[in-house]
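# Report on the structure
Here are the chains, one letter per residue:
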Amino acid sequence: MTDPRDPADDATTGWVIAGAGWVARDHMAPALAASPTSRVVAVVDRDLGAARALAQRFPGAVAHDDLATAFREPGARAAYVATPNHAHREVAAAAAAAGLAVLCEKPLAATLDDAAALVQACEEAGVLAATAFDQRFHPAHRRTAELLAEGALGTVTSVRIVYGCWLPPGWAPPGSTTGDNWRVDPVRAGGGAYVDLAPHGLDLVGALLGEDVEVATTHLQRRVHDYAVDDGSVLVGSTPSGVLVSIANSFNTVETLPRRRLEVVGTRGQLVAQNTMGQTAGGTLELIDAATGESSPVGFDTATSPFAAQVRAVEEALADPARWPFPLARDLRLLHLLHAALGAGVPGTRPDPALTAQEARA
Ligand SMILES: NC(=O)c1ccc[n+]([C@@H]2O[C@H](COP(=O)([O-])OP(=O)(O)OC[C@H]3O[C@@H](n4cnc5c(N)ncnc54)[C@H](O)[C@@H]3O)[C@@H](O)[C@H]2O)c1
């Protein structure tokens, strides 16, 4: 058997998982474990117990609580950054400085300054760097992009995305032992539902259409949960060619309700994907024919998760980084757009709409 830590074994890509929390544990780790081209050489977390618990799922993987040591682990070639948003910059920069490719979770950072610094660190290091927008790679979304490129919908007029969940103040991810809901902390998250979920939609629109949203306006909501950040948002924008885009996100949608939907509307038909936005394989995709109004299912690979497809895409890009289609500079532009769409203020620090209304009445 090949030593999983043998640096000379270049048939597989050696990964370091940085941040052994929910998304790494439940979504990235299974994708890496199932990938014949990948191996995990180290797991690093400031909580060494969490690093150890995840590392033991991978033969030969070493647990660390020190970033620099982990990123120097023999055979390490790529780092998956899955810490809370405010720590992305430090972790990604350390990985890039060690010469590793960087796959950094979304949003790139909790602030625009940190995101810019992260991008600069990766560019200066000359490493392949990507935001972990897994939904770009969901097989239903790839099929949608193919159909759009073939002109199956005629002239595309709009893209409508709904992506929400239920996230009360005391929420903790499955398996969490800390119960620390950093997602509603304006400092560590950088905002609420909008900053957490809208980046996926903005990225996906570009991945589907081949052009990004270029102007947008956003309204935030703090309506259900008692925390300092928004629990709902809607962004409305348009692309250079004039496709209208709406992206509705929420932390206040009860999860028995439909809450993951993507629609692309054109003059010849409409594509509807349901339950494909998210981390898991499957969901449905249908094409409604504009001539007849009839709907037919569209086939796609329902066994491959977006995380598995993402791992494959990043590893393929390592062989030829110039072909990576989503440079970090582009993702940073979209993050700027996300913030600019709010007008004055930054996510999570806008005045409470209820208070503003009271002040206006006073
Ligand atoms: N792509 C997706 O669908 C998706 C889904 C969920 C989360 N995410 C993103 O993944 C990231 C992690 O989210 P999560 O839900 O797994 O969080 P989590 O709180 O479950 O896990 C975060 C882990 O990072 C560790 N950590 C914190 N600061 C650190 C540091 N400076 N160095 C090393 N380790 C540190 C914590 O101890 C914890 O184990 C976030 O950026 C989030 O937005 C993406």
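A quick note: this is a predicted structure, and the numbers were derived from the prediction, not measured.

### Considering the overall build of the protein chain
Counting its secondary structure elements, the protein chain contains 11 helices and 14 strands. The C-alpha radius of gyration of the protein chain comes to 20 Å, within 12% of the 21 Å expected for a compact globule of 362 residues. Over its C-alpha atoms, taken along the principal directions, the protein chain stretches across nearly 60 × 55 × 40 Å. Every one of the 362 residues in the protein chain was classed for burial, and the buried ones make up 53%. Sequence-distant contacts in the protein chain: of pairs separated by 6 or more residues, those separated by 24 or more amount to 67%. With the model as given, the accessible surface of the protein chain reaches about 15,500 Å², and the carbon-plus-sulfur share is 53%.

### Looking at the site of the ligand
The environment of the ligand is formed by 25 residues, the closest being D45, N85, K106, W182 and R183. Contact between the ligand and W22: an oxygen atom at 2.8 Å from a main-chain N or O atom of the residue. Between the ligand and the protein, one listed contact pairs an oxygen atom with a side-chain N or O atom of W182 at 2.8 Å. The protein chains hide 90% of the 860 Å² of surface that the ligand would expose on its own. A per-class count over the shell around the ligand returns 10 nonpolar, 7 polar and 8 charged. Residue-level mapping places the shell around the ligand at the junction of two domains, with at least three residues from each of domain 1 (13-132) and domain 2 (135-304 + 327-340).

### Focus: the nonpolar core
Within the largest apolar cluster, 73 residues are counted, with the highest numbers of intra-cluster contacts made by V16, F71, V102, I161 and L262. When we break this core down by domain, the ones giving at least three residues each are domain 1 (13-132) and domain 2 (135-304 + 327-340). Counting 35 residues, the second-largest nonpolar core is a separate cluster that includes W15, A207, F307 and A309.

### Observations concerning the pairing of strand β9 (residues 232-238)
Where burial is concerned, most of β9 is hidden: 5 out of the 7 residues are buried. Judged from the 7 bridges that link them, β9 and strand β10 (residues 244-250) form a sheet pairing that is antiparallel. Counted as the bridge partner of G232 is S250 from β10.

Reading guide: rules and limits
- Residues numbered from 1 in each chain as written.
- Predicted model: local features only at pLDDT ≥ 70, side-chain atom pairs only at ≥ 80, totals over all residues.
- Heavy atoms only, no water.
- Helix = DSSP H or I, 4+ residues; strand = E, 2+ residues; numbered from the N terminus.
- Rg over C-alpha atoms; globule rule 2.2 N^0.38 Å.
- Buried < 20%, exposed > 50% of the residue type's maximum accessible area, 1.4 Å probe, protein only.
- Contact = heavy atoms within 4.5 Å.
- Areas by Shrake-Rupley, 256 points an atom, 1.4 Å probe, with all protein chains shown as cover.
- Near = heavy atom within 4 Å.
- Polar contact = N/O pair within 3.5 Å; in protein donor to acceptor, adjacent residues only side chain to side chain.
- Nonpolar A, V, L, I, M, F, W, Y, C, P; charged D, E, K, R; others polar.
- Domains from an automatic or database assignment.
- Core = buried A, V, L, I, M, F, W, Y, C linked by side-chain atoms within 4.5 Å.
- Pairing = 2+ DSSP bridges.

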